[in-house]
Protein chains: 2
Amino acid sequence: MSGPKIVRMTTPTLRDVAQLAGVHPATASRALNPQTRPLVNAETARKVLRAAESIGYQPNPIARSLKTARSATVGLVIPDLTNPLFPPIVRGIEDVLTTAGYNAWIVNTDNDPGREERQVESLRSRQVEGLIVATARRDHPLLLRLHRQGVRLVLVNRRVDGLELPSVTADDDAGIAMAVAHLASLGHTKIAHLAGPQQTSTGVSRARAFRHALLDQGLADDPRLTVECGYWSEAEGAQALRRLLDSGAEFTAIVAGNDLIALGCYDVFAERGMTCPDDMSVVGFNEMPFLDKMRPPLTTVAIPHYEIGVEAARLLLDTIEEPDRHPRSVLLAPSLVVRASTAPPR
Amino acid sequence: MSGPKIVRMTTPTLRDVAQLAGVHPATASRALNPQTRPLVNAETARKVLRAAESIGYQPNPIARSLKTARSATVGLVIPDLTNPLFPPIVRGIEDVLTTAGYNAWIVNTDNDPGREERQVESLRSRQVEGLIVATARRDHPLLLRLHRQGVRLVLVNRRVDGLELPSVTADDDAGIAMAVAHLASLGHTKIAHLAGPQQTSTGVSRARAFRHALLDQGLADDPRLTVECGYWSEAEGAQALRRLLDSGAEFTAIVAGNDLIALGCYDVFAERGMTCPDDMSVVGFNEMPFLDKMRPPLTTVAIPHYEIGVEAARLLLDTIEEPDRHPRSVLLAPSLVVRASTAPPR
DNA sequence: GCCGAGGCCGCAATCGTTTGCGATGCAAGG
DNA sequence: CCTTGCATCGCAAACGATTGCGGCCTCGGC
């Protein structure tokens, strides 16, 4: 005759497995943790493992975090998940983190410093062990302060001035050089640049790269042909192009700071009855999804999004494990994908 | 002359504010928590508040979670963040959650049940107070089990058979009806349906709606004209269309299960030298971003992504606050946005 | 046979909060 | 004056894990 069935109301805890294995919770803890397992007898370790297995014990990460002040999670600070650039990067990050036993907290800042500060604070109070930041501006007091406080940081797609932080970015110089070389080889001589925000390192480095590339191609650098966008967005790209067109400047091709800015140009073309690439060539940057199905398919410089995420996560894990190693940065090679938004000038 | 500067090495804790305010930590705790504040003298409460303010005290959510078994966070289970359908929904969810003081954990399952189970387990061990699930299949043992265990669930875009769970979905019937009515009004009589996976409620409900809509338009329902896609993806959409074309069936328009499937059709058109909408009209579903810039711009039925997220979060908060209220579901009205992928048949 | 050295394990403190319960003080009521 | 009640607050035990420290036991060396 079997006794009354004991219904377990609560999830099994370390004490439960210890009791079942006939040992002290401390011993059970040591047995369960591969790091400390050598400290206990192999036989009792087996007993503990078996007990844990049998009742389906899962360590409580909250209690563990409280005691150890670690959390096996890192924070992901991005401006807006809605930007199609980020999801693949996030996937890359998550994939290497999870194989390392880490998890990621994602927060959106909407480019709002106040919101960013609150979000970061919330991440820190959850004991994240590091931050991967995609919102860096060249002058970024918050990041400076965090760095001084010893928070491990890795930047993606961006740098901050005067701060040696590990970062992973695409090689903007190479990418832009390919873009203008392509345009020049098609016969364009008057090329405009719709630059990204100059508060971001990416914005200035691409703008610089643009000027250098013009020189390399033996083309004149007309400062009136580069105009700055306030954000990396379609709307700002459109606005910038309107200003440029209205200024009366002459040009036959555009290298846009990124794909969204390039797509903003499409809107202006439609407004003004221009056709691309007949009236105007455009090349973007980033190779966001679905560009191949656009009208016209956008020529762009492709960057390895997923690998950017992968490298960023690796860098962060490295700095967690080796805190005082010299900050390493990785530069990923872009490639030009030529589609139908570029053609010889008429 | 000022004394030596005391450098605070550790973040301020409740004991610190209690000490500073000259009270016991318990009292400080009660004073800080609006729920329990009436239990302490108004004057001492003020003292505590001021002390907390002065040293920048932030409660430690980890310790709080450990004690209360709550966490002020909910889990978001989605198949793949890379699918552009989800980011806006996620934003909607996050926005209402954060104003309610909650946070969201996002996990990807890649449609892999094993991975899903592990991810959900990890969420539960972090004491999430509920789950918003976008990966539901009609037959979903995991969700059944979770529901039986009392986990608060709300479904987004999906239902599960035989389970009364709160859910928020677009009105598939209405959306599909609009799509085929549009096609019929253009003069199409042979309309095909590239259905989504029939393991998902959305897949079957759109397929059913398609047949009903044909009837309503007085059109014949030829079962050979609907073929099922294994996933909601471009590749599967393309594959399905190839099969349909190869079968020799005749049709002049396609209602795709969603936008990705519709875009998959574009690839096949290119392969086979067909042009859209001249040779074939297509309408999608979901209104994912950038469809207006596609070649051709895709006619689709738009659903309010952000609001779906908002409603889902509200539903979940409701079930958290009123656990045994009858499950409520919300159906959001879609709208047809007509672009250039649909035209009269030749 | 005794001593020292490890190996193995238990004790108890600790992480930062929350919360049931009891102690205290004071005012009101009998 | 004594009881009762209430408002206020402190005590201490949790929550579930980790970990320094020390105790016990065994074994080997002398």
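Remember, predicted model here, so these are calculated numbers, not experimental data.

Turning our eyes to something else, we now look at the domain arrangement of chain A. One frequently used descriptor of interface size is the decrease in accessible area upon assembly of the parts. Looking at the assigned domains, one finds that chain A contains domain 1 (14–59), domain 2 (72–169 + 305–331) and domain 3 (172–303). On a C-alpha basis, the centroid separation for the pair domain 1 of chain A and domain 2 of chain A is 36 Å.

Here we take up the protein's contact with DNA strand C. Lining the immediate surroundings of DNA strand C are 24 residues, of which Thr-27, Arg-30 and Asn-41 of chain A together with Leu-14 and Ser-29 of chain B lie closest. Near-protein atoms of DNA strand C (within 4 Å) split between backbone and bases, with sugar and phosphate holding 62%. Measuring from a phosphate oxygen of DNA strand C, one finds a side-chain N or O atom of Thr-27 of chain A at 2.3 Å. Side-chain polar atom of Tyr-57 of chain B to a phosphate oxygen of DNA strand C: 2.8 Å apart, as the coordinates give it.

Okay, unusual backbone geometry next. Residue and element names in this part refer to chain A. The step from Cys-276 to Pro-277 runs through a cis peptide bond, and the omega angle for that step is 10 degrees. Considering the arrangement of structural elements, one finds Pro-277 in the loop between α11 (259–272) and β9 (281–286). Look at the link from Arg-295 to Pro-296: it is a cis peptide, with omega at -10 degrees. Considering the arrangement of structural elements, one finds Pro-296 in the loop between β9 and β10 (299–302). With a phi angle near 55 degrees, Ala-72 is a residue other than glycine that sits in the positive phi range. Residue placement: Ala-72 occurs in the loop between α4 (61–68) and β1 (73–78). For Ala-72, a relative accessible area of 25% corresponds to the partly exposed category.

Turning next to the packing of aromatic side chains. Tallied over the full model, the rule gives three aromatic pairs over all chains. Sitting over the face of the ring of Phe-285 of chain A, Arg-206 of chain A holds its NZ or CZ atom 3.7 Å from the ring centroid.

Under the criterion given, the structure shown has ten cavities of 30 Å³ or more. Estimates place the volume of the largest cavity at around 230 Å³. Together, 14 residues line the largest cavity, and Ile-62 and Arg-126 of chain A together with Ile-62, Trp-105 and Arg-126 of chain B are the ones closest to its centre. For the lining of the largest cavity, the secondary-structure elements that each account for two or more residues are α4 of chain A together with α4 (61–68) of chain B. Quantified by volume, the second largest cavity comes out at close to 170 Å³. When contributions to the lining of the second largest cavity are tallied by element, the ones reaching two or more residues are α5 (86–99) of chain A together with α5 (86–99) of chain B. In terms of residue class, the lining of the second largest cavity is made up of twelve nonpolar, three polar and no charged.

Definitions and cut-offs
Residues numbered from 1 in each chain as written. Chains lettered and ligands numbered in written order. Predicted model: local features only at pLDDT ≥ 70, side-chain atom pairs only at ≥ 80, totals over all residues. Heavy atoms only, no water. Domains from an automatic or database assignment. Near = heavy atom within 4 Å. Polar contact = N/O pair within 3.5 Å; in protein donor to acceptor, adjacent residues only side chain to side chain. Helix = DSSP H or I, 4+ residues; strand = E, 2+ residues; numbered from the N terminus. Buried < 20%, exposed > 50% of the residue type's maximum accessible area, 1.4 Å probe, protein only. Phe/Tyr/Trp six-rings, centres within 6.5 Å; stacked < 30°, edge-to-face > 60°. Lys NZ or Arg CZ within 6 Å of the ring centre and 35° of its normal. 1 Å grid on protein atoms, 1.4 Å probe; cavity = no way out; pocket = protein on both sides within 12 Å on 5 of 7 lines; lining within 4 Å. Points joined across faces, edges and corners; volume = space filled by probe spheres on them. Nonpolar A, V, L, I, M, F, W, Y, C, P; charged D, E, K, R; others polar.

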